[in-house]
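Examination of the molecular architecture
Next come the chains, spelled out residue by residue.
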Amino acid sequence: MTTTLLSALAAMAAGADIEVRTLGDGVASPPAKIEDLAWLEGRWIGEGLGGCAEESLSPPVAREIMGKFRQLNADGTLRFYEFYTIAEKDGSLLWRIKHFSPELDGWEEKDKSTEFRLVAIEGETAYFNGLTYGRTGSNSLQAAVAIDGQGTATFTFHRAKKGEGCALTTRP
């Protein structure tokens, strides 16, 4: 099911306008500290995968950033959730994500996560292996993720105002 859903998401994704980089096998991630990504902090709302997307990232605490993500379909129904951390590991940074269905069924095995190793940080753009986040202004953010080698999903976000969010349609 996960492969089928990821394939469907990739097929729906628009072409990338933000670069996604990869880290070759055996290539070490560059040195970095979690404070290097403090600019990600905030609550963000925008568009991607044909629907509204919401993202919240904590300030760096205890050498990690905690985040959550919610993706809606175009009709306002919930598509999936993510819970993740960006943490210092082996002198660099590692982004670990767990995906969940609207019913909170995990996509990954219980003790597994999807991991993205750091490739580079250039100003306010962070390149992880297959995942990129970049600030395009003080109140705007772009993201892109390579999905199962089938395509790149892109997201454009703005800093959410108090009380702003995606309109969620009640599930049947």
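Let us look at the structure shown here. (Residues numbered from 1 in each chain as written. Predicted model: local features only at pLDDT ≥ 70, side-chain atom pairs only at ≥ 80, totals over all residues. Heavy atoms only, no water.)

A complete count under the given rule lists six salt bridges for this structure. Across the pair Glu88 and Arg63 runs a salt bridge whose closest N-O atoms are separated by 3.9 Å. One end of the pair, Glu88, is in strand S4 (residues 78–89); the other, Arg63, is in the loop between strand S2 (51–57) and strand S3 (64–72), with 25 residues separating them in the sequence. Its relative accessible area of 22% is what places Glu88 among the partly exposed residues. In this structure, the salt-bridge partner of Arg96 is Glu115, at a minimum N-O distance of 3.3 Å. With a gap of 19 residues between them, Arg96 in strand S5 (residues 92–100) and Glu115 in strand S6 (residues 114–122) connect regions that are remote in the sequence. Look at Glu115 and you get partly exposed, because its relative accessible area is 46%. Connected via shared salt-bridge partners are Glu19, Arg21 and Glu122. (Salt bridge = Lys/Arg side-chain N within 4 Å of Asp/Glu carboxyl O. Helix = DSSP H or I, 4+ residues; strand = E, 2+ residues; numbered from the N terminus. Buried < 20%, exposed > 50% of the residue type's maximum accessible area, 1.4 Å probe, protein only.)

Moving on: the sheet that holds S3. The antiparallel closed barrel is built from 10 strands, whose spatial order is S1-S2-S3-S4-S5-S6-S7-S8-S9-S10. Across the sheet, the axes of successive neighbouring strands diverge by a mean angle of 25 degrees, strand direction being ignored. Of the strand pairs in this sheet, S3 and S4 are connected by nine bridges, and their pairing is antiparallel. Directly across from Ile65, in S4, lies its bridge partner Ile86. (Pairing = 2+ DSSP bridges. Axes fitted to C-alpha atoms, helices over the stretch in contact; angles between N-to-C directions.)

For Asp90, which is not glycine, the phi dihedral falls at a positive 55 degrees. Mapped onto the elements of the fold, Asp90 is located in the loop between S4 and S5. A positive phi angle, close to 70 degrees, is found at Leu104, a residue other than glycine. Take Leu104: it is sitting in the loop between S5 and S6.

A separate point is the state of the cysteines. As used in these notes, a disulfide is a covalent bond between sulfur atoms, one from each of two cysteines. Applying the stated criterion across every chain yields a total of one disulfide. Each sulfur of the disulfide joining Cys52 and Cys166 lies 1.9 Å from the other. Looking down the S-S bond of the Cys52 and Cys166 bridge, the torsion is -75 degrees, so its handedness is left-handed. Taken together, the positions of Cys52 in strand S2 and Cys166 in the segment after strand S10 (152–159) put the pair 114 residues apart, joining distant regions of the chain. (Disulfide = S-S within 2.5 Å.)

As a further point, take the side chain of Glu108. Structurally, the position occupied by Glu108 is in the loop between S5 and S6. Despite being buried, Glu108 has no salt bridge partner; Lys98 is the closest side chain of opposite charge, sitting 5.1 Å away. At 2.5 Å, the side chain of Glu108 forms a polar contact with the side chain of His99. A distance of 2.8 Å separates polar atoms of two side chains, one belonging to Glu108 and the other to Thr114. With residues up to four places along the chain from it excluded, the contact list for Glu108 reads Ile97, Lys98, His99, Ser113 and Thr114. (Lys, Arg positive; Asp, Glu negative; His and termini not counted. Polar contact = N/O pair within 3.5 Å; in protein donor to acceptor, adjacent residues only side chain to side chain. Contact = heavy atoms within 4.5 Å.)

These results come straight from atomic positions and should not be treated as a statement about function.
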